[in-house]
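Each chain, written out:
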Amino acid sequence: MTEFWESSFQNKLTMWGFEPADSALAALELFTKNDLNKILIPGFGYGRNAKAFTDKGFDVTGIEISETAIELAKQHYGEHIKVHHGSVSAMPFDQELYDGIFCYALIHLLNEEERGKLISDCYHQLKPGGYMVFVAISKNDATYGHGEKIGHNYFLTRHGVKLFFYHAGSIEKEFRVYGLVEAKEVKEPAKNMGDKPSQVFWQITCKKQ
Ligand SMILES: C[S@@+](CC[C@H](N)C(=O)[O-])C[C@H]1O[C@@H](n2cnc3c(N)ncnc32)[C@H](O)[C@@H]1O
């Protein structure tokens, strides 16, 4: 996993551009409406989503497995960014409690045990009243079923990435006990970008009581 992401960032650098994902803007709106400030971003990448939050004054900490992605983030957004280098499997990296957690396109890369641990670890680092938002690939995405089947709704793509495709049932099963308040399917990007097809994701929101 580490090698795959290292070589991806080394070869393709800032491969998703500098605009935040539309779901990051939706989470920004939710977090702002609820007066949240201190947030955690597991699967930080090179920080394109984090930037949307820091621009609005949020205190952001990231977790990222790729050293190259962290270096790219520093080059583009400054040395001061706070990112723990390592796998989310090694959470918690600090003893902080966060008001909000935003996790984009990471959880579906993990196996069942790792997904369960990530959700539980995030929940435990959330303050009461805090929100966590996960964005995960949907079974309704056009890539569902491509590659080698390695489990239920779980495929190894030709690029060597394992993807777990979520549907309403698996969301309910994995997130229900962690304060699931909403799960809706979204397109990323939301707008039609011409020759680049949108992907279908679930935007999953949990609130800690
Ligand atoms: C699909 S990318 C999304 C990146 C970022 N969220 C964005 O939207 O720009 C997944 C990210 O998670 C990171 N990643 C993959 N597995 C990880 C793990 N086990 N722990 C921490 N980060 C991981 C990758 O290096 C990559 O930056």
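Everything that follows concerns the structure shown earlier in this document.
Residues numbered from 1 in each chain as written. Predicted model: local features only at pLDDT ≥ 70, side-chain atom pairs only at ≥ 80, totals over all residues.

Okay, the packing of helix α1 (residues 2-12) against helix α4 (residues 67-77) next. Close contact between α1 and α4 brings their axes to 7 Å; oriented N to C, the two are set at 35 degrees. For the pair α1 and α4, contact is made by W5, E6, F9 and Q10 and by T68, A69 and L72, respectively. Its residues assigned to classes, the contact of α1 with α4 shows four nonpolar, two polar and one charged. (Axes fitted to C-alpha atoms, helices over the stretch in contact; angles between N-to-C directions. Helix = DSSP H or I, 4+ residues; strand = E, 2+ residues; numbered from the N terminus. Contact = placed C-beta atoms within 7 Å. Nonpolar A, V, L, I, M, F, W, Y, C, P; charged D, E, K, R; others polar.)

Now for helix α5 (residues 112-124). Side chains that are three or four residues apart share a direction in an α-helix, a result of its 3.6 residues per turn. Counted at 1.5 Å a residue, the expected span for α5 with its 13 residues is 18 Å, and the 18 Å between its end C-alpha atoms agrees. Here α5 has its buried residues at R115, L118, I119 and C122. For α5, the angular spread of the buried residues around the axis is 95 degrees, confining them to a single face. In α5, those exposed residues whose orientation departs by more than 90 degrees from the buried face are E113 and H124. (Expected span 1.5 Å × (residues − 1). Buried ≥ 20, exposed ≤ 12 C-beta atoms within 10 Å, placed from the backbone. Arc of directions from axis to C-beta.)

This part is about the site of the ligand. Around the ligand, 20 residues are found, and the nearest of them are W5, G43, G45, I65 and A105. Where the shell around the ligand is concerned, the elements lending two or more residues are α3 (48-54) and β2 (59-64). Classifying every residue of the shell around the ligand by side-chain character gives twelve nonpolar, six polar and two charged. (Near = placed C-beta within 6 Å.)

For the rest of this paragraph, the subject is unusual backbone geometry. Cis peptide bonds are those with omega within 30 degrees of zero, and the linkage from M91 to P92 qualifies with 5 degrees. In this chain, E188 is followed by P189 through a cis amide linkage whose omega measures -5 degrees. For D35, which is not glycine, the phi torsion reads 55 degrees and is therefore positive. Since 8 C-beta atoms lie within 10 Å of it, D35 is described here as exposed. Even without being glycine, N153 reaches a positive phi, approximately 60 degrees. With respect to the secondary-structure elements, N153 resides in the loop between β6 (148-151) and β7 (154-156).

Strands pair in a sheet through their backbones, by hydrogen bonds, and they do so in one of two ways: parallel or antiparallel. With antiparallel pairing, three strands are arranged side by side in an open sheet as β6-β7-β8. With partners counted over all chains shown, the strands left at the sheet margins are β6 and β8 (162-164), one partner each. Shown here is a sheet whose adjacent strand axes are inclined to one another by a mean of 30 degrees, direction ignored. Examined bridge by bridge, β7 and β8 share three bridges and lie antiparallel to one another. From the neighbouring strand, Y154 faces β8, where its bridge partner is F164. (Pairing = 2+ DSSP bridges.)

Structural measurements only, silent on function.
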